[in-house]
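Letter by letter, the chains look like this.
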Amino acid sequence: MRLVRAIGQVALAVLNTVGAVSLFALRGLAALLTGPWFFGQLLRQLSAIGFFSLPVVGLTAVFTGAALALNIYVGGGRFNAEQIMPQIVALGITRELGPVLAALMLAGRVSATIAAEIGAMRATEQIDAMRTLSTDPFRYLVVPRLVAAVIALPLLTVVADTIGIAGGWLVATRFLDFNATVYVRNTVDFIEGWDVVSGLIKATAFGFIVALMGCYYGYTASGGARGVGRASTHAVVAAAMLIFASDYLMSFWFSRL
Amino acid sequence: MTRPPPKLEWRGVSKRFGAEPVLNRLNLTVPAGCSLVIIGGSGQGKSVMIKLALGLIRPDAGKLLLDGKALPGLGGRLQRRLYGKAGVLFQGAALFDSLSVWENVAFRLINADGVPRKTARRRALAALERVKLDPDIAERFPSELSGGMQKRVGLARAIAADPEILFFDEPTTGLDPITAAVINDLIVDQVKRLGCTTLSITHDLASARRIGDEIAMLHEGQIVWRGPAADLDRTDHPQVRAFVDMQSA
C-alpha cells in the first residue's frame, strides 16, 4: 500500500510540474503576442545567449566533427566504405549532432544562468520591486529570454554545422589522405536542403526548451541561496532531458515525412 | 458633506500560511497625507500587510481598498493604478543588480511611463541629488555601493516618479545608528516635499518616532493599539509597553 501511495505521489508531482510548465509556456506565448515588448532586453539577451555561446558551441562542434569523421572512417573500413565518410559526417552533423550539441551546450551554459539570475532576483525581492514599478516581470524577464534563445539557437546551429563539417574535413585531409576539394564536393552534392532545415527546426524547439526551463525554475525558485542552486540544477537537467526526448520525437516525425 | 475615503484601507483582512494564521480579520485605515508606522515583533505579519496592499500576495478573506475602491490584487487594472501612484523602499533595497544606479532610479520612467532615456536620466540624477547622493555614482552598479547608499538609491527610486503613497519596509534594518538617522531624515524630508501618504513598518522605535505621525502596533494578526507618535511612551497598553521597554533595555 505504501509503495502504491509513493508511486501515486510521484505521478502527481510529475503531472503537477508538467501542468505548471505548460501554463508558464502558454503565458510566455500570450505575453509575446500582446506586448509591451522590451527590445533593449531582447538585444541584451541575444548577446548573452547567442554571441557569448559561440566559443563553446564552436569548440564542441569542431571536436565532435573530427571524432565523428575518425569513427566513421574506422567503421566504414570494415566493409570497404571509407569513402562515404564525408557524406555521413555531413548528414550526422546537420540532422542530429549540430542542433543537439549546440542545445546541450546552451542548456549547460544558459539554462543555469537564467535560472540563477531570475531565482536570485526572486530571493532578493527584485521581482516584487519590478512589479511595484509598474513593469510586468514576466514580460521584462521571461519573454526576451525565450525569444532570444529561439532566435539564437538556430543561428548557433548553422555555426555548429559549418564548424563540425570543417572538423571532419580537417581530420580527413590531414590524417586520412582525403582530397580536400573532393571532400567538399562530396559533402555539398550529398546534403539536401531538408537535412539542414530539419536540424534548424529542431534547434528552434530546443532554444525554446532551454530558455523555458531556465525561466520556469528561476521564476518559481524559493528558499534563498539554496533554492537558487536547486533551481539551476533542475533547469539544466530538465532542459537536457527534454532536448533528448523532443529530439527523438521530431526525428521520428521527420522520418515519416 | 461626506468625508473622503481613507487613502488605503484593510477591511477584515485575513491571511494564513499553511496552518499558521498571520493576519486575523485586520482592520486598518491610512488617511490621505498621514504617515503611519506599524510596529511589532518579528513574525507578526508586518511585511505581509505591505505585500497584501501592493497586491504581491492575495488575502484569504477581506478587502483592500485604495481611495475607497477595492484592489483586486495581482495585476488588475486598479492594482496597476496603485503601482502608478506608489513608491516602495524594500527592506534590502531590492535594486536591480544588472542595471546601473541611474537606470535603477529611472526604471519606472523608462519601462512603464515611456519617458525617453535622456529625460529619465536627468530626472534620476535629480532624485539622487534629493537623497544627497553624488551624481558621480550614477554609472556605478548596486554591488559597488554600501548598504546605506543602496537604501538611498532605493529611496531615490521610490520618489523618482513623485508618488502619492510611499511604503517603507524596515527602512533602517541592517544600518548603523548614524546611517539609520540619515535615512530617517531623508524619508521625512521627501515625504514633506511630496506631501504624500506613507505606510512604514519597522521594529526600530527610533525610526518609528522620527518618521511617523501615528504609530500602530500589530500583534497576533491584529492592530492592538494606535495613537500619535508622542503617545508611544505614555501609553500603558501592555503589549506596547513590553515592546517599548524591551527596546529601551
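Residues numbered from 1 in each chain as written. Chains lettered and ligands numbered in written order. Predicted model: local features only at pLDDT ≥ 70, side-chain atom pairs only at ≥ 80, totals over all residues. Heavy atoms only, no water.

A. Structural view of the packing of aromatic side chains. Residues and elements named next belong to chain A. Using the criterion set out here, one finds 14 aromatic pairs over all chains in the structure. Here the aromatic rings of F138 and Y219 are separated by 5.6 Å at their centres, their planes lie at 85°, and the arrangement is edge-to-face. Here F138 is found in helix α6 (residues 137–175), whereas its partner Y219 is found in helix α8 (residues 193–219), with 81 residues between them in sequence. With respect to class, F138 is no different from Y219; both count as buried. Between the aromatic rings of F178 and Y183, the centroid separation amounts to 6.0 Å while the plane-to-plane angle is 80°, which identifies the pairing as edge-to-face. (Phe/Tyr/Trp six-rings, centres within 6.5 Å; stacked < 30°, edge-to-face > 60°. Helix = DSSP H or I, 4+ residues; strand = E, 2+ residues; numbered from the N terminus. Buried < 20%, exposed > 50% of the residue type's maximum accessible area, 1.4 Å probe, protein only.)

B. Structural detail: the environment of I209(A). Residues and elements named next belong to chain A. Within the element layout of this structure, I209 appears in helix α8. Here I209 falls in the buried class, since its relative accessible area comes to 13%. C-alpha separation for the pair I209 and S255, spaced 46 residues apart in sequence, amounts to 22 Å. Not counting the four nearest positions on each side in its chain, I209 is found in contact with A239, L242, I243 and S246. (Contact = heavy atoms within 4.5 Å.)

C. Just the side chain of K7(B), in detail. In this structure, K7(B) sits in the segment before β1 (8–17). Setting aside residues up to four positions removed in sequence, K7(B) forms contacts with V30(B), P31(B), A32(B), L65(B), L66(B), D67(B), K85(B), E164(B), I165(B) and T197(B).

D. Looking closely at the packing of helix α3 (residues 54–77) of chain A against α6(A). All names here are of chain A. Running from amino to carboxyl end, α3 crosses α6 at an angle of 40°, the nearest separation of the two axes being 7 Å. Accordingly, the angle class assigned to the pair α3 and α6 is oblique. Of the two elements, α3 crosses α6, and the hand of that crossing is right-handed. Along its contact with α3, which presents L54, V57, G58, A61, V62, G65, A66, A69 and L70, the element α6 presents L156, V159, A160, I163, G164, G167, G168 and V171. Broken down by class, the residue content of the contact of α3 with α6 amounts to 12 nonpolar, five polar and no charged. (Axes fitted to C-alpha atoms, helices over the stretch in contact; angles between N-to-C directions. Parallel < 35°, antiparallel > 145°, perpendicular 65-115°, else oblique. Left-handed = near helix turned anticlockwise from the far one by under 90°. Nonpolar A, V, L, I, M, F, W, Y, C, P; charged D, E, K, R; others polar.)

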